[in-house]
Amino acid sequence: MRSKRIQLILHNGTPYGVRTAELSNWSGKVVVCPRFALKEMRDLPEGEMPAVYFLLGSENQVYVGETDMLSARVGDHDANKDFWDTAIAVTSPDLTKTEVKYLECIFFKKLQEDGLADLQNATTPKESTLSKSSADVLDEFVDNTSDVLASLGFNFINVGEDSTKSAKDGIEVLCKGPSANAVGIYSAAGLLVKKGSLARAQLTKSFDERGTHMRQSMIENRLLELKGDSYEFTRDHVFSSSSAAADIVLGRSANGRTEWATKDGKTIKEIQDG
């Protein structure tokens, strides 16, 4: 797999203000803006561009939108939405109105299918009709966006197609407990839990609120389906961390580095420590 180079700019000289990131040989640019720094975003050229954007709140809350002019639209949300504290946008001078609507729909569907976000949209975005060649280009745009976001530490959207493929080339690990029996693949891309793995249906008191929201979203989006005393994974799913995967599988707060182990008993911690 070829390497990728990301250019990151800290616009006020610190990692706490507006940041922009882009890949070499890609026209897209990711803008990360804390709510308190909206004035900084207005001063950027990207603030006047069409964009698809995400508003992020606590407990995995995410709103997905699109706009002709980024800074004005996010400013509207500053006035009428309380839940969010960070805005992330993806822009490009090459994007048209039809294309940002297409991206909004694709990202919304991706979040629904992943089942990890508590979506704050009141309505489902309408699909845009594009030619096959245009859709293929934008699907690659989505993958590049996902990879940049993951590199910046934002894992509310699963990583792009290349990274998902690399997850399948990692080390097979197992996680077992009462009514739980899961098979995973551990790699630099995260921990992929395989379709057919079983997660405990009953939650313990140690299971935190964030994990509860995540699991409920996965159930609502049919990533998990009830099967006796367990929930079954209906498809392969990549978690950003082994602990998040272990939490869902075991129904309790868990340290994934010690709960996931190879068939011969070698834990992820031991793999990492060499």
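Residues numbered from 1 in each chain as written. Predicted model: local features only at pLDDT ≥ 70, side-chain atom pairs only at ≥ 80, totals over all residues. Heavy atoms only, no water.

Engineer: Mind showing me how you'd approach the sheet that holds strand 6 (residues 84–91) here?
Structural biologist: Backbone-to-backbone hydrogen bonds pair the strands of a sheet. The strands run either parallel or antiparallel. Read from one edge of the open sheet, seven strands run 1-2-3-6-4-5-7, paired in mixed fashion. The two strands at the open ends of the sheet, each matched to only one other strand, are strand 1 (6–10) and strand 7 (118–119). Across six bridges, the pairing between strand 4 (residues 51–57) and strand 5 (residues 61–67) is antiparallel. When the sheet's bridge partners are listed, Leu-56 is paired in strand 5 with Val-62. The sheet strands contacting helix 2 (residues 70–80) are strand 4, strand 5 and strand 6, and the helix crosses strand 6 at an angle near 160°. Running at roughly 165° to strand 5, helix 3 (residues 97–114) makes contact with strand 4, strand 5 and strand 7 of the sheet. (Pairing = 2+ DSSP bridges. Helix = DSSP H or I, 4+ residues; strand = E, 2+ residues; numbered from the N terminus. Contact = heavy atoms within 4.5 Å. Axes fitted to C-alpha atoms, helices over the stretch in contact; angles between N-to-C directions.)

Engineer: Mind showing me how you'd approach helix 3 here?
Structural biologist: The periodicity of an α-helix, 3.6 residues per turn, causes residues three or four positions apart to be oriented the same way. Here helix 3 is 18 residues long and its end C-alpha atoms lie 26 Å apart, about the 26 Å a rise of 1.5 Å per residue gives. Along helix 3, the residues that are buried comprise Glu-99, Val-100, Tyr-102, Leu-103, Glu-104, Cys-105, Phe-107, Phe-108, Lys-110, Leu-111 and Asp-114. (Expected span 1.5 Å × (residues − 1). Buried < 20%, exposed > 50% of the residue type's maximum accessible area, 1.4 Å probe, protein only.)

Engineer: Any chance you could explain the side chain of Glu-66 here in plain terms?
Structural biologist: With respect to the helices and strands, Glu-66 occurs in strand 5. Here Lys-101 takes part through its side chain, which lies 3.2 Å from a polar atom of the side chain of Glu-66. (Polar contact = N/O pair within 3.5 Å; in protein donor to acceptor, adjacent residues only side chain to side chain.)

Engineer: Explain the pairing of strand 5 here, please?
Structural biologist: Moving residue by residue along a regular strand, the side chains alternate between the two faces of the sheet. Most of strand 5 is tucked away, with seven of its seven residues classed as buried. Here strand 5 shows two buried faces, one formed by Gln-61, Tyr-63, Gly-65 and Thr-67 and the other by Val-62, Val-64 and Glu-66. One ladder, built from two bridges, connects strand 5 with strand 7; its direction is parallel. What sits directly across from Val-62, in strand 7, is Leu-119.

Engineer: Looking at this structure, how should I read the confidence of the model for the protein?
Structural biologist: Low pLDDT marks regions whose predicted coordinates should not be analysed in detail. The share of residues in the protein with pLDDT of 70 or more is 93%, and the mean pLDDT across the chain is 87. Note that pLDDT drops below 50 for residues 160–164; the model gives that stretch ten contacts with residues more than four away or on any other chain. (pLDDT = per-residue confidence, 0-100.)

Engineer: What should I look at first to understand unusual backbone geometry in this one?
Structural biologist: The bulk of non-glycine residues show a negative phi, and the bulk of peptide bonds are trans. A positive phi angle, close to 65°, is found at Asn-25, a residue other than glycine. On the accessibility criterion, Asn-25 (83% relative accessible area) is exposed. The phi torsion at Ser-179 lies on the positive side, around 60°, for a residue other than glycine. Within the element layout of this structure, Ser-179 appears in the loop between strand 8 (171–177) and strand 9 (180–187). On the basis of relative accessible area, Ser-179 is assigned to the partly exposed category, the value being 34%.

Engineer: Just to check I follow, could you spell out the packing of helix 3 against helix 4 (residues 132–151) for this structure?
Structural biologist: In helix packing, the relevant descriptors are the interaxial angle and the interaxial distance, both defined with respect to the helix axes. Look at helix 3 against helix 4: their axes get within 10 Å of each other, and the N-to-C directions meet at 55°. Between helix 3 and helix 4, the interaxial angle falls into the category oblique. Viewed along their axes, helix 3 and helix 4 form a crossing whose handedness is right-handed. Counted together, Glu-99, Tyr-102, Leu-103, Ile-106, Phe-107 and Lys-110 of helix 3 and Ala-135, Leu-138, Asp-139, Phe-141, Val-142, Thr-145 and Ser-146 of helix 4 form the full contact between these two elements. Residue composition of the contact of helix 3 with helix 4, by class: eight nonpolar, two polar and three charged. (Parallel < 35°, antiparallel > 145°, perpendicular 65-115°, else oblique. Left-handed = near helix turned anticlockwise from the far one by under 90°. Nonpolar A, V, L, I, M, F, W, Y, C, P; charged D, E, K, R; others polar.)

Engineer: How do you make sense of the environment of Ser-131 when you look at a structure like this?
Structural biologist: Looking at where Ser-131 falls in the secondary structure, it is placed in the loop between strand 7 and helix 4. Of the residues examined, Ser-131 reaches a relative accessible area of 38% and is grouped as partly exposed. For the pair Ser-131 and Val-30, spaced 101 residues apart in sequence, the C-alpha separation works out to 25 Å. A polar contact of 3.0 Å, which involves the side chain of Ser-131, links it to the side chain of Ser-134.

Engineer: What's the story with the pattern of salt bridges in this structure? I'm lost.
Structural biologist: Summed over the entire model, instances satisfying the criterion amount to 16 salt bridges. Arg-257 is the partner of Asp-273 in a salt bridge, and the nearest nitrogen-oxygen pair spans 3.8 Å. In this pair, Asp-273 sits in helix 9 (residues 268–273) while Arg-257 sits in helix 8 (residues 256–259), placing the two residues 16 residues apart along the sequence. A network of salt bridges, in which partner residues are shared, links Glu-66, Asp-68, Lys-97 and Lys-101. (Salt bridge = Lys/Arg side-chain N within 4 Å of Asp/Glu carboxyl O.)

Engineer: Any chance you could explain the packing of aromatic side chains here in plain terms?
Structural biologist: Describing an aromatic ring pair means giving the distance of the ring centres and the angle of the ring planes. Counted according to the given criterion, the structure contains four aromatic pairs. Between Phe-54 and Phe-107 the ring centres are 5.2 Å apart and the planes differ by 85°, which places this aromatic pair in the edge-to-face class. With Phe-54 in strand 4 and Phe-107 in helix 3, the pair connects residues that are 53 residues apart, well separated along the chain. Residue Phe-54 shares its accessibility class with Phe-107, and that shared class is buried. A cation over a ring is seen here: Lys-81 above Tyr-63, with NZ or CZ 4.6 Å from the ring centre. (Phe/Tyr/Trp six-rings, centres within 6.5 Å; stacked < 30°, edge-to-face > 60°. Lys NZ or Arg CZ within 6 Å of the ring centre and 35° of its normal.)

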